[in-house]
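Per-entry structural report
Listed below are the residues making up each chain.
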Amino acid sequence: MKLFSWKGSKRRTSSYSAKPKKRKQSARQKEAPSSKPKSKPLFKFNFKPIASWKPRTRQIVDYSLMFFSVLLCLMLLPNRLPGMELLGIAPNWLLIWVVAWSVKRNAWQGAFAGIILGFLQDAMTYSEPTHALPLGLVGLITGGIQKSRFIEEDFISIALIVFVMAVFSEAVFASQLALSGGRNVTFIWAYFQRVALASAILSSLWAPVVYYPLNRWWQKLKLAEQN
């Protein structure tokens, strides 16, 4: 009888002692991190630094960026998107582009860019009076400013330049309307005050959208050419 009782107790203790081990193993399996491989991205782009590009490649990318940015400004010019309109006036995107270009160049380069963009705007709207004259003068004045002495090339300075140049551009355009004859000068100047203020406010607010990516690219391009 003792023999049977001893065997029975041994079986019972072994059966009860096996359960906690299984529980511990299952708990460890839950706590252990899954060994499944992480999903890799489908598309992985590895861009080389601009300094390692060939000079011709940098030039092609620079011209392409300028072309598509001007094209985008031309497409936005006649549109009235939500948040981009004040008293029926939209930002002067071409003027913003001319200021962003002329800040990094001399006066003649700025004037040339302004005249070209002015003719493009004439092709989309009316050629009389022309937009080439006010945009050309904007590029000439912006490029001729001694930026290192008077202003810094940050968002506040660019917004201030765009504000002043937008008022100046509308004043030149209104002067052309008044000198052309056949129109009421009082009505022209009253309309000019409303258009100039709305255009200057909106253009200065939206100037960083055009200036920041272009300025960022031109800074990197300049550093790559110096190296």
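Everything numeric here is computed off the predicted structure, so don't read it as measured data. (Residues numbered from 1 in each chain as written. Predicted model: local features only at pLDDT ≥ 70, side-chain atom pairs only at ≥ 80, totals over all residues. Heavy atoms only, no water.)

1. Considering the overall build of the protein chain
How we decide: Only DSSP runs of H or I reaching four residues or more are called helices, and only runs of E reaching two or more are called strands; each is numbered from the N terminus. Here's how the labels work: a residue is buried when its accessible area is under 20% of the maximum for its type, exposed when over 50%, partly exposed in between, all with a 1.4 Å probe on protein chains only. Contacts: residue pairs with any heavy atoms within 4.5 Å of one another. The Shrake-Rupley method, run with a 1.4 Å probe, gives the accessible areas here. Residue values count only the displayed protein chains as cover.
When helices and strands are tallied, the protein chain shows eight helices and zero strands. Reading the helices (α) and strands (β) of the protein chain from amino to carboxyl end gives α-α-α-α-α-α-α-α. Relative to its 227 residues, the protein chain shows a buried fraction of 35%. Within the protein chain, contacts between residues at least 6 apart in sequence are counted, and of these 69% link residues at least 24 apart. When the accessible surface of the protein chain is split by element, carbon and sulfur atoms take 64% of a total near 16,100 Å².

2. Description of the confidence of the model for the protein chain
This is how the line gets drawn: pLDDT expresses how confident the predictor is about each individual residue, on a scale running from 0 to 100.
With 72% of its residues at a pLDDT of 70 or more, the protein chain has an overall mean of 76. When mean pLDDT is taken per element in the protein chain, helix α3 (residues 93–102) scores highest with 92 and helix α1 (residues 2–31) scores lowest with 46. Of the regions scoring below 50 in pLDDT, residues 1–22 engages in zero contacts with residues more than four places distant in sequence or in other chains.

3. Focus: the nonpolar core
Short version of the rule: Definition used in this section: a nonpolar core is a set of buried Ala, Val, Leu, Ile, Met, Phe, Trp, Tyr and Cys residues joined via side-chain atoms within 4.5 Å.
Counting 33 residues, the largest nonpolar core has Trp-93, Leu-94, Leu-95, Trp-97, Val-99, Leu-117 and Val-162 as its most contacted members. Residue assignment for this core shows that the elements contributing at least two residues are α2 (55–76), α3, α4 (107–124), α5 (132–144), α7 (155–180) and α8 (185–226). Among the elements that take part in this core, α3 stands out by supplying nine residues, more than any other. With residues near it in sequence (within four places) discarded, Leu-94 still touches Cys-73, Leu-74, Leu-77, Leu-117, Gln-121 and Leu-135.

4. Quick word on the packing of aromatic side chains
The condition is simple: For Phe, Tyr and Trp, where Trp contributes only its six-membered ring, two rings pair if their centres lie within 6.5 Å, and the inter-plane angle classes them as stacked under 30 degrees, edge-to-face over 60, or tilted in between.
Going through the model one piece at a time under the given rule, you end up with four aromatic pairs. Between Phe-67 and Phe-68 the ring centres are 5.3 Å apart and the planes differ by 75°, which places this aromatic pair in the edge-to-face class. A residue is classified by how much of its surface remains accessible, and Phe-67, at 52% relative accessible area, is exposed. Between the aromatic rings of Trp-101 and Trp-218, the centroid separation amounts to 5.8 Å while the plane-to-plane angle is 75°, which identifies the pairing as edge-to-face. Residue Trp-101 is found in helix α3, and its partner Trp-218 is found in helix α8; the two are separated by 117 residues along the sequence. Taken together through their ring pairs, the aromatic side chains of Trp-97, Trp-101 and Trp-218 make up a single cluster.

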